[in-house]
Amino acid sequence: MKSDRPFDSLVSCIGNQITIQTKDGVTYAGDLVSFDIHLNVVLDNVFENSNSLEGKVLIRGDTISIVKHI
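Only a predicted model underlies this, so the values are computations on that prediction, with no experimental measurement involved.

What counts, and where the lines are drawn
Residues numbered from 1 in each chain as written. Predicted model: local features only at pLDDT ≥ 70, side-chain atom pairs only at ≥ 80, totals over all residues. Heavy atoms only, no water. Helix = DSSP H or I, 4+ residues; strand = E, 2+ residues; numbered from the N terminus. Polar contact = N/O pair within 3.5 Å; in protein donor to acceptor, adjacent residues only side chain to side chain. Contact = heavy atoms within 4.5 Å. Buried < 20%, exposed > 50% of the residue type's maximum accessible area, 1.4 Å probe, protein only. Pairing = 2+ DSSP bridges. 1 Å grid on protein atoms, 1.4 Å probe; cavity = no way out; pocket = protein on both sides within 12 Å on 5 of 7 lines; lining within 4 Å. Points joined across faces, edges and corners; volume = space filled by probe spheres on them.

Along the chain, Asn-40 falls in the loop between β2 (27–35) and β3 (41–48). Engagement of the side chain of Asn-40 in a polar contact is seen with the backbone nitrogen of Gly-61, the distance being 2.8 Å. Residues within four places of Asn-40 in sequence aside, it is in contact with Ser-34, Phe-35, Leu-58, Ile-59, Arg-60 and Gly-61.

With that settled, the discussion passes to unusual backbone geometry. Non-glycine residue Asn-45 carries a positive phi angle of around 55°. With respect to the helices and strands, the residue Asn-45 is situated in strand β3. Positive phi, close to 75°, is recorded for Ser-50, a residue that is not glycine. Checked against the element boundaries, Ser-50 lands in the loop between β3 and β4 (51–52).

This paragraph deals with the pairing of strand β1 (residues 17–22). For a regular strand, side-chain orientation follows a simple rule: the groups alternate between the two sheet faces. Side chains of β1 alternate between two faces, with Ile-18, Ile-20 and Thr-22 buried and Gln-17, Thr-19 and Gln-21 left unburied. Here β1 runs beside β2; their pairing, made up of 5 bridges, is antiparallel. Counted as the bridge partner of Ile-18 is Gly-30 from β2. Count of turn residues in the β1/β2 antiparallel hairpin: 4 residues, of which Gly-25 carries a positive phi of about 90°.

Here Thr-22 shows up in strand β1. Sequence-distant contacts of Thr-22, defined by excluding residues within four places in its chain, comprise Tyr-28, Ile-59, Thr-63, Ile-64 and Ser-65.

Roughly 160 Å³ of internal volume is contained in the largest pocket. Sorting the residues of the lining of the largest pocket by element identifies α1 (6–11) and β6 (64–69) as the ones contributing at least two each. The element that contributes the greatest number of residues to the lining of the largest pocket is β6, accounting for 4 residues.

So this is what it looks like as structure tokens:
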């Protein structure tokens, strides 16, 4: 059964690459590792505005404006 709930959409993206744009215009692309009910997101293999970052990155949910599955 297809679900259009945002939380379910993110669950289906775990382990896949997503792009996140923050309210201040910074773009992150990486593999979705986990998230919580506040939409705090953990990414691995991350690029920030095309610059590679080392390790995992936590992005606070209240800073996120767009999430896109690649």
